[in-house]
Amino acid sequence: MYRIVKKELLAPTLNLFEIEAPLVARKALAGQFVILRINGEGERIPLTIADFDRAGGTITCVFQEVGKTTKELGALGEGDFLQDFVGPLGLPSHVENYGSVICVGGGVGVAPVFPIARALKEAGNEVVGIIGARTKELLFWEEKMRSACSELRVTTDDGSYVRKGFVTDLLREAIEEKKNTSLCVAIGPLPMMRAVCSLTREYGLKTIVSLNSIMVDGTGMCGCCRVTVGGETKFACVDGPEFDGHLVDFEEMARRAVIYKPQEQLAVARYVENHGHNCSCSCGGGR
Amino acid sequence: MAQKKIIVPYKNPMPVRDPLERVDNFNEVALGYSEEAVLAEAGRCLQCKNAPCRQGCPVEVDIPAFIGLVSQKDFSGAIRKLKEKNALPAVCGRVCPQESQCEKYCTLSKKYDAVGIGRIERYCADWELANGVLPQTVAPLTGKRVAVVGSGPSGLTCAADLAKLGHKVTIFEALHVAGGVLMYGIPEFRLPKAVVQAEIENLKKLGVEIIVNAVVGKFATVDELIEEEGYDAVFIGTGAGLPYFMQIPGENACGVYTANEFLTRANLMKSYCFPEYDTPLRVGERVAVLGGGNVAMDAARTALRLGAEEAWIVYRRSRLEMPARREEVEHAEEEGVKFAFLTSPTKILYNNDYWVTGLECLRYELGQPDASGRRSPVPIKGSEFLMEMDTVIVAVGQGPNPLVTRTTRGLECNKKGNIIANPETGATSKPGVFAGGDVVTGAATVILAMGAGRIAAKAINAYFGKKD
Ligand SMILES: Cc1cc2nc3c(=O)[nH]c(=O)nc-3n(C[C@H](O)[C@H](O)[C@H](O)COP(=O)(O)OP(=O)(O)OC[C@H]3O[C@@H](n4cnc5c(N)ncnc54)[C@H](O)[C@@H]3O)c2cc1C
Ligand SMILES: Cc1cc2nc3c(=O)[nH]c(=O)nc-3n(C[C@H](O)[C@H](O)[C@H](O)COP(=O)(O)OP(=O)(O)OC[C@H]3O[C@@H](n4cnc5c(N)ncnc54)[C@H](O)[C@@H]3O)c2cc1C
Ligand code: SF4
Ligand code: SF4
Ligand code: FES
Ligand SMILES: [Mg+2]
């Protein structure tokens, strides 16, 4: 069993958990993920490692409540336990001194991009951070990101904070300004990563994305997470989750991401009905 | 001198649940012999002096001896005799391909039905589970620590034997439960999970520690287990968990599963209880399973149980060449699984939404026997035809998962990625590191994996003796 030692509500339906998992913390690196299961009836879901504390033996995850499992997770609090927590899975981000890099985090993608930006900066890169959210109250970790980057740029889709625009708008400006950028790392919702890739392709700027394909075991056993990259089938859990975004078949990914839509809708409707109300006030759904 | 025996030509039938009653649930299909039936079946054994049956058993169970004890109603003696060679009789009695192993060599099989060795074995093991497990003796602790990687039959057996010898064993398992394929692959209706878990509880009683959610190669490498964690030896029994594909177009379409995914969702994650259990599975109405082994049969039978209207086995050769256990093929057929023999898909078709719509297939005929004596299938020109399907399950084999082998210094593997190990000892190219089961042989059988675990335990014990 794995204890939740800290919970923080970063934004509505956006939670941060710090989880006691010394075996995972010991080896965790930027870019890797864990798979967890809440209880014996639960499904296995992957979450990216947003931070780790080797000495304290904890892993930080940030997750958005989108369906049954993440809502049930969001209803847990400090001191509660998760039945299963396995990692660190996937390959770590490739970190070296490229010179100048841009790290883009959209929505909940800010969390996984944070440790990568930090590692790239520690490796001597000039790191331009770009983060964005739909609206002001969904934006989080601005200060944390600022400390991990050489420079941070912020935007909201609706203009409720700093400026109005998409991360791709800021990205275009940054690329135009900094002609010497040699790598872009972009993590966020699939459409965002796809948009980033079509933009950076125009500039021939190599772009790494972190793919969220549906997973079960996370060890290369089931093949559920397969994606087509450069015409070849790859397993996101062991060959990734990071890939060269210019080679990813995003169309196929988008189709595979919704394979279980009907079942997911049923599960979440049933959950919400059984748990009274559907808020993110951490009341545990009125239990 | 024993009297001349009267030969009983037919095997006592195994009571099974009615096909119509069993296809919509996961309860065990074969119910096991009654005491009366097991005594009658044991009575068929001729107690042959040379015991040809033993040479067909990969671990050389003393078959006439244990069957003789059954005849005397000494079930505890019989199970003791079985366990001298076979650590998991409740499992092997159910899943060994007896017709190509022990029973194939039974004297009776030349003219009549072979003695139902597996069924008698299962009876003894179930008797033990029902009547309390026989006391096991554990030697005093030696101070040696062994890490076992993977908790399939090879790892479980190796761990049990080492623990009995007084070594402290820790099993590291990547998934959230121990048991390997016995838990995530072979379905409940063929091998109840309670049977596997009883064996695992037994192991814990011997003092074996099992750490689940521990992927070796990720949280620690084999080298680190030895150098940093101080294990004196390591046994690698990580199986063959990497799914192969046919390498035909369309394999990444929605609705195409590997058998591993399909069976893992169903068995390990209990999708058949969705939404009480959270893991979803979409079965579809017309399911094609590509392949002809046990894995394919399990997938097809599972699909029917989960509501598919039709489940097809699509196999390149003919019925005779199918590697699946005969009993499973018969059960599958009784349950309504359909077979397309001498057929192989060339393409998986899908619609604009990327969902599977069917298979484009070629018909085959059997050509000349090859070096192995098997007649190899040859495609018939111009025989293309279409099979409409909305789910495809690829069950064309598995290879070794590279997570451990790629992260272990100085561990030699063959071209396919299997660890190279001495068949007599399980020793690998790396001192103190032993391996066995599917990761060495490629996808094989439970009994072979178990036997390899046992051999390695013996060799690890000897290795400790030599080192001191
Ligand atoms: C490597 C990786 C890292 C991830 N990191 C994060 C993270 O840091 N924060 C975060 O909020 N989310 C992350 N996700 C996504 C997260 O796993 C899903 O949001 C979660 O599984 C949804 O579960 P649910 O039951 O709440 O929602 P559902 O309603 O069941 O699903 C919503 C959507 O999530 C996806 N999904 C469903 N089940 C799975 C599954 N077993 N594996 C992967 N995706 C699934 C599907 O696309 C689905 O349409 C990550 C996914 C991957 C693959
Ligand atoms: C669906 C199916 C049906 C079958 N039916 C039969 C049958 O009827 N009769 C028969 O005799 N055989 C059958 N087999 C074959 C048989 O199950 C295998 O040969 C046998 O289980 C191999 O045992 P093993 O110990 O080598 O590995 P496995 O049983 O594969 O176990 C390996 C274990 O190691 C774990 N592991 C892998 N990598 C790591 C890692 N890096 N760190 C930690 N743990 C790890 C895995 O999660 C797994 O639990 C079947 C196989 C399948 C898939
Ligand atoms: S272990 Fe398998 S092969 Fe050996 S006697 Fe038992 S059923 Fe036959
Ligand atoms: S060969 Fe058959 S009849 Fe002879 S001892 Fe073995 S099981 Fe009995
Ligand atoms: S999640 Fe099963 S192979 Fe990647
Ligand atoms: Mg879900």
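The structure presented is a predicted model; accordingly, all values stated were derived computationally and were not measured.

The rules behind each value
- The residue numbers shown here count from 1 along each chain, following its written sequence.
- Whichever chain is written first becomes A and whichever ligand is written first becomes 1, with later ones labelled in order.
- Per-residue local features of the predicted model are confined to residues with pLDDT of at least 70, and side-chain atom pairs are confined, for both listing and counting, to 80 or more; whole-chain, interface and lining totals are unaffected and use all residues.
- To obtain the side-chain values, all non-hydrogen atoms of the structure were included, while hydrogens and water were left out.
- Strand pairing requires that DSSP identify at least two bridges connecting the strands.
- Per the convention used, a helix needs a DSSP run of H or I reaching at least four residues, while a strand needs a run of E reaching at least two, with both numbered from the N terminus.
- Inter-axis angles, ranging from 0 to 180 degrees, are taken between N-to-C directions of lines fitted to C-alpha atoms, where helices are fitted over the stretch in contact.
- Contact definition: two residues touch when any of their heavy atoms are within 4.5 Å.
- Exposed residues in this analysis have more than 50% of their type's maximum accessible area, buried residues have under 20%, and partly exposed residues fall in between, with area computed by a 1.4 Å probe over protein chains only.
- The path from the first strand over the helix to the second decides the hand: if it runs clockwise while the strands point away from the viewer, the crossover is right-handed.
- UniProt positions are given in the numbering used here, feature names are shortened, and annotations may be inferred rather than shown by experiment.

> Explain the sheet that holds strand β7 (residues 286-290) of chain B here, please?
Across a sheet, paired strands are connected by hydrogen bonds in the backbone, their directions being either parallel or antiparallel. Residue and element names in this part refer to chain B. Across the sheet, 5 strands lie side by side as β6-β14-β7-β8-β9; this open sheet has parallel pairing. Looking at strand neighbours, the two that pair on one side only are β6 (256-258) and β9 (338-340), the edges of this open sheet. Strand-to-strand twist across the sheet, computed as the mean angle between neighbouring axes with direction ignored, equals 25°. When β6 meets strand β14 (residues 391-394), the two strands line up parallel, connected through 3 bridges. The residue of β14 that forms the bridge with Tyr 257 is Ile 393. The sheet contacts of helix α13 (residues 294-305) involve β7, β8 (310-314), β9 and β14, and relative to β8 the element is tilted by about 170°.

> What am I meant to see in the pairing of strand β11 (residues 151-156) of chain A here?
Consecutive side chains along a regular strand alternate between the two faces of the sheet. All names here are of chain A. Within β11, 5 of the 6 residues are buried, leaving the element largely enclosed by the surrounding structure. The pairing of strand β10 (residues 126-133) with β11 spans 6 bridges and is classified as parallel. Looking at the pairing, Gly 132 lines up with Thr 155 of β11. For the handedness criterion, the β-α-β arrangement of β10, helix α4 (residues 142-148) and β11 is classed as right-handed.

> Where do I start with the UniProt feature "domain: Dihydroprymidine dehydrogenase" (unreviewed entry) in chain B in this structure?
UniProt's entry tags residues 22-132 of chain B with the feature "domain: Dihydroprymidine dehydrogenase" (unreviewed entry), counted in the numbering of this structure. Span residues 22-132 of chain B is 52% helix and 0% strand, its end C-alpha atoms 29 Å apart.

> How should the UniProt feature "binding site: FAD" (unreviewed entry) in chain A be read in this particular structure?
All names here are of chain A. Per the UniProt entry, the sites bearing "binding site: FAD" (unreviewed entry) are Val 62, Phe 63 and Gln 64 in this numbering. Position of Val 62 among the secondary structure elements: in strand β6 (residues 58-64). When neighbours within four sequence positions are excluded, Val 62 is seen to be in contact with Leu 10, Leu 14, Asn 15, Leu 16, Ala 50, Val 108, Ala 111, Phe 140 and Trp 141. You can see Phe 63 is positioned in strand β6.

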